[in-house]
Amino acid sequence: MRYAAALLGISLFFTACTTDAPQATETEDNEKQTTTVEAKPDFTIKPGEGFGILGGEMMRTDLEEVIGKENVRKSDFHIGEGEFAPGLALYPDTPEEVEVLLDDDGYVILYQTSKKDSKWTTEEGIKVGSTLAELAAANGTHFKFTGFDWDYGGTVTNWNGGKFDGADFLIVLGYNYEGTPMTEEDTQQLLGDQDIMSDLPAAQRYEIAVVEIMQRY
């Protein structure tokens, strides 16, 4: 089910400055100086709403209207297990690139960002690269995620009644493979198809961070 979201346009504002003329014949003194100010892109991720001005109930033409055709490109969306679905890339080949999954009618059903140096961030400061502790603090409580090293590994499955609960706000976590090696005991607790609480002592011993942020409709 797609939820309704407000479609906000990017507007240009003009400020005119007029100089008083001492004589009616001095038309050059009556010329208006106009300054154009372009609104800056909004890279705020808004859980439950969207990515900046990008919301639900939008099609490719809507996206092209609000961010420009040059910033929208057709692209396949990886849905896991080697499968792909029709999608788009917004701001392609930039740190702010957003992958878009479309439904059968061409409407957006999911936005996703996965580049660490991106400007996309929530008001709480959650972005790609945020730590497990930072995510728990922003949510207001610990949460549940799946074990690592399989197609859906590291996916937050339950916000445990926290701030992000019920917002269709999806996070995928990853761990630093080049960091502290996992002990045999910890691999049993952290890897594979199982649910893990973010305050599990084993999870605190490794560099676990946000690798994907998504908003679903």
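Residues numbered from 1 in each chain as written. Predicted model: local features only at pLDDT ≥ 70, side-chain atom pairs only at ≥ 80, totals over all residues. Heavy atoms only, no water.

Engineer: Requested: an account of the overall build of the protein, with residues and values cited.
Structural biologist: Each helix and strand counted, the protein has 4 helices and 14 strands in total. Burial analysis of the protein (217 residues in total) assigns 39% to the buried set. Long-range contacts, defined as pairs at least 24 residues apart, comprise 54% of the intrachain contacts of the protein with a sequence gap of at least 6. For the protein, the exposed area adds up to about 12500 Å²; of that, 48% sits on carbon and sulfur atoms. (Helix = DSSP H or I, 4+ residues; strand = E, 2+ residues; numbered from the N terminus. Buried < 20%, exposed > 50% of the residue type's maximum accessible area, 1.4 Å probe, protein only. Contact = heavy atoms within 4.5 Å. Areas by Shrake-Rupley, 256 points an atom, 1.4 Å probe, with all protein chains shown as cover.)

Engineer: Which residues make up the pairing of strand β7 (residues 98-102), and what values go with them?
Structural biologist: Counting buried positions along β7 gives 4 out of 5 residues, so the element sits mostly inside the fold. Where strand β6 (residues 83-90) and β7 come together, 4 bridges link them in antiparallel fashion. Residue pairing in the sheet places Gly 87 in a bridge with Leu 101 of β7. Bridge analysis of β7 against strand β8 (residues 108-113) gives 4 bridges, and the strand direction is antiparallel. Looking at β8, one finds that Leu 101 is bridged to Leu 110. (Pairing = 2+ DSSP bridges.)

Engineer: Run through the environment of Phe 169, naming residues and quoting values.
Structural biologist: Mapped onto the elements, Phe 169 comes out in strand β12 (residues 169-175). Among the residues examined, Phe 169 registers a relative accessible area of 2% and is labelled buried. The spacing of Phe 169 and Gln 215 is 46 residues in sequence and 4.9 Å in space, taken between C-alpha atoms. What Phe 169 contacts, discounting residues up to four positions off in sequence, is Ile 45, Pro 47, Thr 122, Trp 159, Phe 164, Ile 213, Met 214 and Gln 215.

Engineer: Quick rundown of the sheet that holds β7? Include the residues and the values.
Structural biologist: In spatial order, the strands read β5-β6-β7-β8-β14-β12; together these 6 strands make up an open sheet with antiparallel pairing. Edge positions in the sheet fall to β5 (72-80) and β12, since each of these pairs with one other strand and no more. When the angles between neighbouring strand axes are averaged without regard to direction, this sheet yields 30 degrees. Where β12 and strand β14 (residues 208-216) come together, 7 bridges link them in antiparallel fashion. Of the residues in β14, the one forming a bridge with Tyr 175 is Ile 208. (Axes fitted to C-alpha atoms, helices over the stretch in contact; angles between N-to-C directions.)

Engineer: Could you give an account of the pattern of salt bridges, with specific residues and numbers?
Structural biologist: Evaluated as defined, the whole model comprises 7 salt bridges. In this structure, the salt-bridge partner of Arg 60 is Glu 64, at a minimum N-O distance of 3.0 Å. In this pair, Arg 60 and Glu 64 are both assigned in helix α1 (residues 60-67), 4 residues apart and thus about one turn of the helix distant. A salt bridge links Glu 97 to Lys 115; the shortest N-O distance between them is 3.3 Å. Here Lys 115 lies in the loop between β8 and β9 (121-122) and Glu 97 lies in the loop between β6 and β7, a separation of 18 residues in the sequence. (Salt bridge = Lys/Arg side-chain N within 4 Å of Asp/Glu carboxyl O.)

Engineer: I'd like a description of α1, backed by residues and values.
Structural biologist: Along an α-helix, residues three or four apart share an orientation, since each turn contains 3.6 residues. What α1 keeps buried is the set Asp 62, Leu 63, Glu 64, Val 66 and Ile 67. In this structure, the buried side of α1 is in contact with β5, β6 and β8. Following α1 by one or two positions, Gly 68 adopts a phi angle in the positive range, close to 95 degrees.

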